[in-house]
Amino acid sequence: MANVWSGVTIDCLDPERVARFWSVLLGREPGPSERGWVYLGERGDPQPRLVFQPVSEPATGKVRIHLDVTVDDIEEAMATVVALGGRSTGERHDYDGGVVVVMADPENHEFCLVQYYRA
């Protein structure tokens, strides 16, 4: 059997709140979930599931892995993140091939919005 990447699990104080943010941002509906947890997507979906796991302690320090979300319009995507309860970290990187902006969800999980420029 081949190894298959099936999902990403995110520790949350409030899994429902954080999952709502990601559900709207990514257009992914919740699937069957364990009690207290929220899964966006289902096993076998073309995209890996996002799993929001309840924990009792807040995150401390920088997480060394994050999600990249490709967008068509960086400014519009930034405004959407803020409207959904997220925030900008103020970190932005402009490259010849596009722009990357570091954002955070309602519990401060950092992720990147990425807009690639057309060649």
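None of these values were measured; they are calculated from a predicted model.

J.: So, the packing of aromatic side chains: which residues are in play, and what are the values?
T.: Taken as a whole and judged by the stated rule, the model has four aromatic pairs. Ring centres of Phe21 and Phe111 lie 6.1 Å apart, and the angle between their planes is 65°; this geometry places the pair in the edge-to-face category. Highlighted residues: Phe21 in helix H1 (residues 15-26) and Phe111 in strand E8 (residues 110-116), separated in sequence by 90 residues. The class for Phe21 is buried, based on a relative accessible area of 2%. Given a relative accessible area of 1%, Phe111 falls into the buried group. Between Trp22 and Phe111, the aromatic rings sit 4.7 Å apart at their centres with planes inclined by 65°, giving edge-to-face as the arrangement. You can see Trp22 sitting in helix H1 and its partner Phe111 sitting in strand E8, a full 89 residues away along the chain. Comparing Trp22 with Phe111 shows no difference in burial state: the two are buried. Among the aromatic residues, those joined into a ring-pair cluster are Phe21, Trp22 and Phe111.

J.: Give a description of the nonpolar core that names residues and reports values.
T.: By size, the foremost hydrophobic cluster in this structure holds 22 residues, and its most contacted members are Trp22, Phe52, Ile74, Val81, Met103, Phe111 and Leu113. Of all elements in the fold, only strand E1 (7-12), H1, strand E3 (38-40), strand E4 (49-54), helix H2 (74-83), strand E7 (98-104) and E8 reach the threshold of two or more residues within this core. Not counting residues within four places of it along the chain, the set of residues in contact with Val81 comprises Phe21, Leu25, Gly86, Arg87, Met103, Ala104, Phe111 and Leu113.

J.: Help me get a handle on unusual backbone geometry, residues and values and all.
T.: For residues besides glycine, phi is generally negative; the peptide bonds are generally trans as well. Unusually for a residue other than glycine, Asn108 sits at a positive phi of about 70°. Within the element layout of this structure, Asn108 appears in the loop between E7 and E8. Taking the relative accessible area as the measure of exposure, Asn108 reaches 46% and is therefore partly exposed.

J.: I'd like to hear about the sheet that holds E1, residue by residue, with values.
T.: Across the sheet, four strands lie side by side as E1-E4-E3-E2; this open sheet has mixed pairing. Because the sheet does not close on itself, it has two edges, and the strands there are E1 and strand E2 (30-31). One ladder, built from six bridges, connects E1 with E4; its direction is parallel. Within E4, the position partnered with Cys12 by the bridge is Pro54. The strands touched by H1 are E1, E2, E3 and E4; relative to E4, the strand with the most contacts, the crossing angle is about 165°.

J.: Let's hear about the state of the cysteines: which residues, and what values?
T.: Taken as a whole and judged by the stated rule, the model has zero disulfides. Here Cys12 stays free of any disulfide, with the sulfur of Cys112 as its closest cysteine sulfur at 18 Å. Since its relative accessible area comes to 0%, Cys12 is described here as buried.

Definitions and limits used
- Residues numbered from 1 in each chain as written.
- Predicted model: local features only at pLDDT ≥ 70, side-chain atom pairs only at ≥ 80, totals over all residues.
- Heavy atoms only, no water.
- Phe/Tyr/Trp six-rings, centres within 6.5 Å; stacked < 30°, edge-to-face > 60°.
- Helix = DSSP H or I, 4+ residues; strand = E, 2+ residues; numbered from the N terminus.
- Buried < 20%, exposed > 50% of the residue type's maximum accessible area, 1.4 Å probe, protein only.
- Core = buried A, V, L, I, M, F, W, Y, C linked by side-chain atoms within 4.5 Å.
- Contact = heavy atoms within 4.5 Å.
- Pairing = 2+ DSSP bridges.
- Axes fitted to C-alpha atoms, helices over the stretch in contact; angles between N-to-C directions.
- Disulfide = S-S within 2.5 Å.

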